Amino acid sequence: MNKLTVERMNQYVKHYPIADRFSFPIHEHMTVYEFERNEWIVREGIKPDALIYMIEGKAKIYTTHQNGKVSLINFVKPGDYIGEMELLHEDYYSKGIQASTRTVCYSIPLKTCRAKLLEDVVFLRELAIFLSKKATFMSTKSSQSQAFPLENRLAHFILELEDNGVYREKHVTVCDYLGVSYRHLLHVLQTFCEKGYLDKEGRAYRIHNDEALQLLAQGLR
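Below: a short report on this structure. (Residues numbered from 1 in each chain as written. Predicted model: local features only at pLDDT ≥ 70, side-chain atom pairs only at ≥ 80, totals over all residues. Heavy atoms only, no water.)

## Structural notes on the overall build of the chain
Reasoning step 1: Each helix and strand counted, the chain has eight helices and 12 strands in total.
Reasoning step 2: Counting only C-alpha atoms, the chain reaches 55 × 40 × 30 Å along its principal axes.
Reasoning step 3: Looking at the chain as a whole, 46% of its 221 residues qualify as buried.
Reasoning step 4: With an accessible surface of roughly 12200 Å², the chain has 51% of that area assigned to carbon and sulfur atoms.
Reasoning step 5: Here the chain holds 29 positive side-chain charges and 28 negative ones, and the gap between their average locations is 3 Å. (Helix = DSSP H or I, 4+ residues; strand = E, 2+ residues; numbered from the N terminus. Buried < 20%, exposed > 50% of the residue type's maximum accessible area, 1.4 Å probe, protein only. Areas by Shrake-Rupley, 256 points an atom, 1.4 Å probe, with all protein chains shown as cover. Lys, Arg positive; Asp, Glu negative; His and termini not counted. Charge placed at Lys NZ, Arg CZ, Asp CG, Glu CD.)

Structure representation (structure tokens):
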């Protein structure tokens, strides 16, 4: 994690303004952090001390079950909040959030801003819209596994997690998230390579035909 200088922070604030999402001068409290790929933005079970707003990059949300199994449950993308549930519920158990690409986030300290945020009608309206969209996505995720074949869902998954055109997610994680067998996943990946959508590079895959994957993923976006 790297805290950006005031000069670089001002550049990001100018490019990604969020002042209109709050009724108080949020820039006076805000810090900008940069995370490298695979860095933890939030560690599971450890409550974040800030409300985080992602402006660049991608991240994955993980949870650990009682039997010790770790599952990928969702993604974080630019425009999403992190730590909003901890802001609203002090006893909320934090999920693990890991950057899947280089990621840049605004950080708003809860120690000094919690009361202001919880009394800010402008922000709370914004948060309510965000949470409603998040809930809608989670409710439709399971139905999509029945409505779309693996080819479409995998194309969408690859586009969600690619980093500079390279996809390198572990197969076991993908099988668990998409609810498919290891053999079926390998078959579809091989088909994508044969059709020229992907090029295999060691344990990773480079996207060779982004347009074809976008077309397959279109119905899930």
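Next comes the rest of the account.
## Describing the nonpolar core
Reasoning step 1: Counting residues in each nonpolar core, the largest one holds 28 residues, and the members touching the most others are Leu-154, Phe-157, Ile-158, Leu-178, Phe-192, Leu-198 and Leu-213.
Reasoning step 2: Sorting the residues of this core by element identifies β6 (70–76), α5 (150–161), α6 (171–178), α7 (182–194), β12 (204–207) and α8 (210–217) as the ones contributing at least two each.
Reasoning step 3: Looking at which element gives the most residues to this core, the answer is α5, with seven residues.
Reasoning step 4: When residues no more than four places from it in sequence are discounted, the contact partners of Leu-178 are Leu-150, Arg-153, Leu-154 and Phe-157.
Reasoning step 5: Leu-4, Ile-55, Leu-117 and Leu-127 belong to the second largest nonpolar core, which has 24 residues in total. (Core = buried A, V, L, I, M, F, W, Y, C linked by side-chain atoms within 4.5 Å. Contact = heavy atoms within 4.5 Å.)

## Looking at the packing of aromatic side chains
Reasoning step 1: Under the definition given, this model contains 14 aromatic pairs.
Reasoning step 2: Where Tyr-12 meets Tyr-16, the ring centres are 6.3 Å apart and the plane angle is 15°; that geometry is what we call stacked.
Reasoning step 3: Looking at Tyr-12, the relative accessible area reads 10%, which means it is buried.
Reasoning step 4: With a centroid separation of 6.3 Å and an interplanar angle of 80°, the aromatic rings of Phe-157 and Tyr-167 are classed as edge-to-face. Remark: Tyr-167 occurs in strand β10 (residues 166–167) and Phe-157 occurs in helix α5; sequence separation between them is 10 residues.
Reasoning step 5: Exposure remark for Phe-157: the relative accessible area of 1% places this residue in the buried category.
Reasoning step 6: One aromatic cluster in this structure is built from Phe-22, Phe-24, Tyr-53, Tyr-81, Tyr-106, Phe-123 and Phe-130.
Reasoning step 7: One Lys or Arg, Lys-200, reaches over the ring of Tyr-205 and ends 5.4 Å from the middle of that ring. (Phe/Tyr/Trp six-rings, centres within 6.5 Å; stacked < 30°, edge-to-face > 60°. Lys NZ or Arg CZ within 6 Å of the ring centre and 35° of its normal.)

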